[in-house]
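Remarks on the overall topology
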Number of protein chains: 2
Amino acid sequence: MAEPDRNAAKEKFLGFLEAKNLRITAQRRAIVDTVFGTDQHFTAEQLLEWAREKDSSVSRATVYRTLPLLTESGLVHEMDFGKDYKIYDPNYADHPNHNHIICDDCDKIVEFESDRLDQLENEISTGLGFKVKSQQLRINASCEEMKRLGECKNKGN
Amino acid sequence: MAEPDRNAAKEKFLGFLEAKNLRITAQRRAIVDTVFGTDQHFTAEQLLEWAREKDSSVSRATVYRTLPLLTESGLVHEMDFGKDYKIYDPNYADHPNHNHIICDDCDKIVEFESDRLDQLENEISTGLGFKVKSQQLRINASCEEMKRLGECKNKGN
DNA sequence: AAGATATTGAGACTCAGTATCATTGTCAAC
DNA sequence: GTTGACAATGATACTGAGTCTCAATATCTT
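Residues numbered from 1 in each chain as written. Chains lettered and ligands numbered in written order. Predicted model: local features only at pLDDT ≥ 70, side-chain atom pairs only at ≥ 80, totals over all residues. Heavy atoms only, no water.

1. Quick word on the overall build of chain A
When helices and strands are counted, chain A shows six helices and five strands. N-terminal to C-terminal, the α/β element order of chain A is α-α-α-α-β-β-β-β-α-β-α. Expressed as a percentage of contacts within chain A between residues at least 6 apart in sequence, the contacts between residues at least 24 apart total 52%. For chain A, the exposed surface amounts to about 9000 Å²; the carbon and sulfur share of it is 46%. (Helix = DSSP H or I, 4+ residues; strand = E, 2+ residues; numbered from the N terminus. Contact = heavy atoms within 4.5 Å. Areas by Shrake-Rupley, 256 points an atom, 1.4 Å probe, with all protein chains shown as cover.)

Listed below in structure tokens is the structure:
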């Protein structure tokens, strides 16, 4: 099930490049193959490293130049959790999702969607004179329930 | 109404330093006076500039060393909007607020509160087995309305 | 094959933030 | 008040993610 989706994403991106009169180069192929060949979140530097395993000629500059194209195409999502690097999600097209609950005790991150939330955000923004472009909700919590069930592998304290 | 609050915050912070056996220095006084003498959000570099107007001996290092103390004391809130600098809110103790709309074109930031939002977040979190500890909603938008009124001094493009 | 131009890699650069370290300031004990 | 332990300081070197520049190269259309 995952395979075809990944290929579809790759094809979509190549089409995106074509539509913008951008060229399909060996380096971009290596980067795109890497991005859509994993399910994991990654940083720019990780992507550079992985892409270089496919094509050692890929440079840092090209990775940083390609990432905005990937996010612009809507196939990859850029996330900022307040660290000094950004994290990219290659599954965005399949599961577009900007809402995260992070357990402060363990590393569990749960994503969720909510139409009611989207609607409320739009309502509030419009009322304040803004047009929503993107949104990100982060809820820091403790997974009491899961702790009881032994699913939360508490790390600190 | 704002005056006493500001002084209260200042006193609280000096008490916080004392409780941690940290020293009250001229530079920290200048920084604290600056922080609690404004209602505006600020960056570390802005704080440095402003504090230097009160005491020219304040260094960048001291500002960056004092900011974590201010946030640790709970009187100032650190925010990260995905730009390459952090923004600090000196009103945190009075109006704890984690919902922001950021205009991507200009630097305008609007805060808002919403009981409906809080309630919805609680509802969703509980449903997923979490207990909310804190939350942060960031909406990136364009202030179309304000642009029309000439209030959004669009910078790029 | 040729030409217009998009793309590239290398490395210089930016900029917020951190680390280092010799010097100075604070404050409690005397 | 002096003293002294040590917290705090400024200057400055450094870090690390990300950007910019530019001459050289690759792509794609004709």
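2. So, the protein's contact with DNA strand C
Of all residues adjacent to DNA strand C, which total 20 residues, the nearest are Arg28(A), Ser57(A), Ser59(A), Thr62(A) and Arg23(B). Protein-proximal atoms of DNA strand C, defined as those within 4 Å of the protein, fall in sugar or phosphate at a share of 63%. At 2.5 Å from a phosphate oxygen of DNA strand C is found a side-chain nitrogen or oxygen belonging to Arg28(A). In this structure, a phosphate oxygen belonging to DNA strand C sits 3.5 Å away from a main-chain N or O atom of Val58(A). Considering only residue class, the surface near DNA strand C consists of eight nonpolar, five polar and seven charged. (Near = heavy atom within 4 Å. Polar contact = N/O pair within 3.5 Å; in protein donor to acceptor, adjacent residues only side chain to side chain. Nonpolar A, V, L, I, M, F, W, Y, C, P; charged D, E, K, R; others polar.)

3. A look at empty space enclosed by the protein
For the structure shown, the criterion picks out one cavity of 30 Å³ or more. What the largest cavity holds in volume is close to 60 Å³. For the lining of the largest cavity, the elements supplying multiple residues, two or more each, are β5 (131–142) of chain A together with β5 (131–142) of chain B. Its residues assigned to classes, the lining of the largest cavity comprises no nonpolar, two polar and four charged. (1 Å grid on protein atoms, 1.4 Å probe; cavity = no way out; pocket = protein on both sides within 12 Å on 5 of 7 lines; lining within 4 Å. Points joined across faces, edges and corners; volume = space filled by probe spheres on them.)

Everything listed is a geometric property; what it means functionally is a separate question.
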